[in-house]
Amino acid sequence: MRIARFSIDGNVAFGAVEGEGAIDSGDLVLDIIKGIPYTDFELSGTKVPLNKVRLLPPVLPNKVVGIGRNYAEHAAELGNEVPDVPVAFFKPTTSVIGSGDAVEYPSFSRELHHEAELAVVIGRMCREVPRERVKDVVFGYTCANDVTARDVQRREAQWARAKGFDTSCPLGPWVETDLDPGNLAIQATVNGEQRQLGRTSDMIRSVEDLVVHITEAMTLLPGDVILTGTPAGVGPLHVGDEVAVTIEGIGTLTNKVIKRG
């Protein structure tokens, strides 16, 4: 099931996406969910066309945990070794935007990069999750763009500013709850030109590995997000560009880059 979060007439709700086609095609409708989707829920039967609402980030995470250098070719293209253990970092909630929202080019950077990623959405509070129970705590999956100020990342030992600035974490367009993440095509295009193309099967550490590793250290809450790393092909973004992340079985997350201010 595809679960979207949206606003209409000043109200925010979740809905199950029905139909096939592009977001703006008029072929998709939302069946509004009663309550929130992390627990047992009912569909209301009240339906609205998706192209008549504003899509919001599909979740409002308490925290976004990013994983760096989880694809060998990406590590190599930036001159890095594959780390012995997963490299984790945080993106704050203020970095999260939805499909169709603008990425604001930060004033302190001159080298902004796209990073297409599979995002894991947590569905229940969990800590110290054993591998065999990972599926029980995952709500679903969505597309992510770990937008990175690459020059700042090189200059600063910590990645907080380089990866945590406002609007640096587009998520969407919805969460797909019925998906095997093991071997999905993942692609990024800029202005229609393909930049990244990989498969989640190329990840050094799987979704199960990452959930186990992260929850050894911290409690994850419903709606929290794990970014699983990006395949090779990262590259520059400029003001005016339109960047799209497409993941097999989920859909396409699209954002334009604008000047901050």
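For clarity, every value in this text was computed on a predicted model and none was experimentally measured.

Trainee: Break down the environment of Val 96 for me, with residues and values.
Mentor: Summarising the element assignment, Val 96 is placed in strand β8 (residues 96–97). Val 96 sits 73 residues away from Cys 169 along the chain, and the two C-alpha atoms are 4.6 Å apart. Those residues in contact with Val 96 that lie beyond four places of it in its chain are Pro 57, Val 59, Pro 61, Val 64, Cys 169 and Leu 171.

Trainee: Requested: an account of the pairing of strand β16 (residues 193–199), with residues and values cited.
Mentor: Sheet analysis places strand β15 (residues 185–190) next to β16, joined by 6 bridges and oriented antiparallel. If you follow Thr 189 over to β16, its bridge partner there is Gln 194. Following β15, the chain reverses through 2 residues before pairing antiparallel with β16; Asn 191 in that reversal takes a positive phi of roughly 55°.

Trainee: Explain the nonpolar core to me, using residue names and the numbers behind them.
Mentor: Residues Leu 30, Ile 226 and Ile 247 are the most contacted members of the largest nonpolar core, which totals 40 residues. Examining the composition of this core, we find that 5 residues originate from one element, helix α5 (residues 207–215), more than from any other. Ranked by size, the runner-up nonpolar core spans 16 residues in total, among them Phe 14, Val 121, Phe 139 and Leu 171.

Trainee: Let's hear about the environment of Asp 146: which residues, and what values?
Mentor: Note on placement: Asp 146 falls in the loop between β12 (138–145) and β13 (148–149). Under the relative-accessibility criterion, Asp 146 is labelled buried at 1%. Residues Asp 146 and Glu 193, 47 residues apart in the sequence, show an inter-C-alpha distance of 19 Å. With sequence-adjacent residues up to four places away left out, Asp 146 is seen in contact with Phe 89, Lys 91, His 113, Glu 115, Glu 117, Lys 163, Ser 168 and Leu 227.

Trainee: An account of the side chain of His 114 is requested, with residue identities and associated values reported.
Mentor: Looking at where His 114 falls in the secondary structure, it is placed in strand β10 (residues 112–114). Residue His 114 is classed as buried on the basis of its relative accessible area, which comes to 0%. Looking at His 114, its side chain comes within polar contact range of the side chain of Arg 195, at 3.1 Å. Every residue in contact with His 114, bar those within four places of it in the chain, is listed here: Asn 145, Ala 188, Val 190, Arg 195, Gln 196, Gly 233, Val 234, Gly 235, Pro 236, Leu 237 and Val 243.

Trainee: Kindly report on the sheet that holds β15, identifying the contributing residues and their values.
Mentor: The 5 strands are arranged β9-β20-β19-β15-β16 in an open sheet whose pairing can be described as mixed. Sheet topology places β9 (102–105) and β16 at the edges, where each strand pairs with a single neighbour. Mean inter-strand twist for the sheet, computed between neighbouring axes without regard to direction, equals 20°.

Trainee: How would you summarise the pairing of strand β3 (residues 29–34) if you had to cite specific residues and measurements?
Mentor: Relative to β3, strand β2 (residues 11–18) is paired through 4 bridges, and the arrangement is antiparallel. If you follow Ala 16 over to β3, its bridge partner there is Asp 31.

Trainee: Can you explain the pattern of salt bridges? Please cite residues and give values.
Mentor: Should the charged atoms of two oppositely charged side chains come close, the side chains can pair. For the structure on display, the rule yields 15 salt bridges. As a salt-bridge pair, Glu 42 and Lys 34 come within 3.6 Å of each other at their nearest N and O atoms. The class of Lys 34 is partly exposed, set by a relative accessible area of 49%. Between Arg 161 and Glu 156 there is a salt bridge; the shortest N-O distance is 2.7 Å. Since its relative accessible area comes to 41%, Arg 161 is described here as partly exposed. Classification of Glu 156 as partly exposed rests on a relative accessible area of 23%. Residues participating in the shared-partner salt-bridge network are Lys 91, Glu 115, Asp 146, Arg 150 and Lys 163.

Trainee: Go over α5 with me, naming the residues and quoting the values.
Mentor: Each α-helix winds once per 3.6 residues, and so residues spaced three or four apart point in a common direction. Three or more residues of α5 are buried, namely Val 207, Leu 210, Val 211, Val 212, Ile 214 and Thr 215. Looking at the buried positions of α5, the neighbouring elements they touch are β6 (64–68), β11 (116–122), α2 (134–137), β12 and β17 (225–227).

Trainee: Give me the lowdown on the sheet that holds β10, citing residues and values where you can.
Mentor: Across the sheet, 3 strands lie side by side as β13-β10-β18; this open sheet has antiparallel pairing. Looking at strand neighbours, the two that pair on one side only are β13 and β18 (235–237), the edges of this open sheet.

Trainee: So, the packing of aromatic side chains: which residues are in play, and what are the values?
Mentor: Taken as a whole and assessed by the stated rule, the structure comprises 3 aromatic pairs. Pairing Tyr 38 with Phe 139 gives two aromatic rings, centres 5.2 Å apart and planes at 70°, and the pair type is edge-to-face. Here Tyr 38 is found in the loop between β3 and β4 (42–49), whereas its partner Phe 139 is found in strand β12, with 101 residues between them in sequence. A residue is classified by how much of its surface remains accessible, and Tyr 38, at 21% relative accessible area, is partly exposed. Residue class for Phe 139 comes out buried when judged on its relative accessible area of 13%. Between Phe 108 and Phe 165, the aromatic rings sit 6.2 Å apart at their centres with planes inclined by 80°, giving edge-to-face as the arrangement. Highlighted residues: Phe 108 in the loop between β9 and β10 and Phe 165 in the loop between α4 (160–164) and β14 (169–176), separated in sequence by 57 residues. Phe 108 gets classed as partly exposed once you look at its relative accessible area, which sits at 25%. A residue is classified by how much of its surface remains accessible, and Phe 165, at 5% relative accessible area, is buried.

Cut-offs applied
Residues numbered from 1 in each chain as written. Predicted model: local features only at pLDDT ≥ 70, side-chain atom pairs only at ≥ 80, totals over all residues. Heavy atoms only, no water. Helix = DSSP H or I, 4+ residues; strand = E, 2+ residues; numbered from the N terminus. Contact = heavy atoms within 4.5 Å. Pairing = 2+ DSSP bridges. Core = buried A, V, L, I, M, F, W, Y, C linked by side-chain atoms within 4.5 Å. Buried < 20%, exposed > 50% of the residue type's maximum accessible area, 1.4 Å probe, protein only. Polar contact = N/O pair within 3.5 Å; in protein donor to acceptor, adjacent residues only side chain to side chain. Axes fitted to C-alpha atoms, helices over the stretch in contact; angles between N-to-C directions. Salt bridge = Lys/Arg side-chain N within 4 Å of Asp/Glu carboxyl O. Phe/Tyr/Trp six-rings, centres within 6.5 Å; stacked < 30°, edge-to-face > 60°.

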